[in-house]
Amino acid sequence: MNLANQITIFRILLIPVFIGLVIYYGDSARGEHPNEALRIWAAAVFGIAAISDAIDGWIARRFNQRTRFGAIVDPLADKLLMLSAIILLSFTAWRQHFPLWFPILVIGRDLLSIGGAFLIDHFAGKVQIHTHWSGKVATFAQMAAILWILLDFPSSLLIWPTLFAGFFTALSGFINLADGVRQLKAAGHD
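Below you will find a few notes about this structure. (Residues numbered from 1 in each chain as written. Predicted model: local features only at pLDDT ≥ 70, side-chain atom pairs only at ≥ 80, totals over all residues. Heavy atoms only, no water.)

**Comments concerning helix α4 (residues 101-124)**
Taking 1.5 Å per residue as the helical rise, α4 with its 24 residues ought to reach 34 Å, and the 33 Å between its terminal C-alpha atoms agrees with that figure. The set of residues buried in α4 consists of Phe102, Pro103, Val106, Arg109, Asp110 and Ile120. The inward-facing, buried residues of α4 abut α3 (68-91), α5 (133-150) and α6 (159-186). Once α4 finishes, Gly125 follows within two positions and takes phi at roughly 95 degrees, a positive value. (Helix = DSSP H or I, 4+ residues; strand = E, 2+ residues; numbered from the N terminus. Expected span 1.5 Å × (residues − 1). Buried < 20%, exposed > 50% of the residue type's maximum accessible area, 1.4 Å probe, protein only. Contact = heavy atoms within 4.5 Å.)

And the structure:
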């Protein structure tokens, strides 16, 4: 268990803390006096988890601490954090929330990517996952949109970070789809 993997495990342990803070703040927001400390703590925990993602990746690359465990668990931790944030910030009683199309887009893209990977693995023998800059931009944009709500920036402007994140989420999904089709064709399955 190297340092990069320990940081990933730490990020996974932060997810239920984040979920609890978001839910409790949402409950308090239904009343006249929402507990702003819960909102600030939720933003802090999310920020720490997001920063830990960058740190564990840097440590794994810089100190050659890449492992099979990390290759599986790190993206899983990222997806759990992002999906829990997007879903909760779409359907809890926060002052601001994502429009319904945003969680549908993000969840749909992720489900299609997972399903496509299983299909490629079944038909082509082995799926090759290629990271693309659009996926990294989508993740960064999603984090920015999530922080927009957590930090309670003006709700009238929330549409812009959400549209930006939505665009790159869709773009990365189309690029993943094209890559999957290319892998299937290379394996002789049209």
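**Details of the side chain of Gln183**
Mapping Gln183 onto the fold places it in helix α6. Look at Gln183 and you get buried, because its relative accessible area is 12%. The residues touching Gln183, leaving out its near neighbours within four places in the chain, are Ile120, Ala124, Lys126, Val127, Gln128 and His130.

**Section: a nonpolar patch on the surface**
Taken together, the side chains of Trp101, Leu157, Ile159, Trp160 and Leu163 make up a nonpolar region of the molecular surface, amounting to roughly 490 Å² of accessible area. Top element by residues in the nonpolar patch is α6. It accounts for 3 residues. Its place among the elements puts Ile159 in helix α6. Judged by relative accessible area, which is 36%, Ile159 ranks as partly exposed. (Patch = residues over 30% accessible without salt bridge, like charges linked within 9 Å, V, L, I, M, F, W, Y side chains within 5 Å. Areas by Shrake-Rupley, 256 points an atom, 1.4 Å probe, with all protein chains shown as cover. Salt bridge = Lys/Arg side-chain N within 4 Å of Asp/Glu carboxyl O.)

**Observations regarding the packing of α5 against α6**
Here α5 crosses α6 at 155 degrees, and the two axes come no closer than 8 Å. Classified by the angle their axes make, α5 and α6 are roughly antiparallel. In the crossing of α5 with α6, the sense of the turn from one axis to the other is left-handed. For the pair α5 and α6, contact is made by Trp133, Ser134, Gly135, Val137, Ala138, Ala141, Gln142, Ala145 and Trp148 and by Pro161, Thr162, Phe164, Ala165, Phe168, Thr169, Leu171, Ser172 and Ile175, respectively. Within the contact of α5 with α6, the residues separate by chemical class into 12 nonpolar, 6 polar and no charged. (Axes fitted to C-alpha atoms, helices over the stretch in contact; angles between N-to-C directions. Parallel < 35°, antiparallel > 145°, perpendicular 65-115°, else oblique. Left-handed = near helix turned anticlockwise from the far one by under 90°. Nonpolar A, V, L, I, M, F, W, Y, C, P; charged D, E, K, R; others polar.)

**Digging into the packing of aromatic side chains**
We describe a pair of aromatic rings using the distance from one ring centre to the other and the angle between the two ring planes. Applying the stated rule across the entire model yields 9 aromatic pairs. Site record: aromatic cluster; members linked through ring pairs are Trp133, Phe164, Phe167 and Phe168. Sitting over the face of the ring of Phe63, Arg62 holds its NZ or CZ atom 5.3 Å from the ring centroid. (Phe/Tyr/Trp six-rings, centres within 6.5 Å; stacked < 30°, edge-to-face > 60°. Lys NZ or Arg CZ within 6 Å of the ring centre and 35° of its normal.)

**Brief notes about α6**
Between its terminal C-alpha atoms α6 stretches 40 Å, which fits the 40 Å expected from 28 residues at 1.5 Å a residue. Listed in full, the buried residues belonging to α6 are Pro161, Thr162, Ala165, Gly166, Phe168, Thr169, Ser172, Gly173, Asp179, Gly180 and Gln183. Turning to α6, the residues buried within the fold contact α4 and α5. Just past α6, the residue Gly188 takes up positive phi, approximately 90 degrees.

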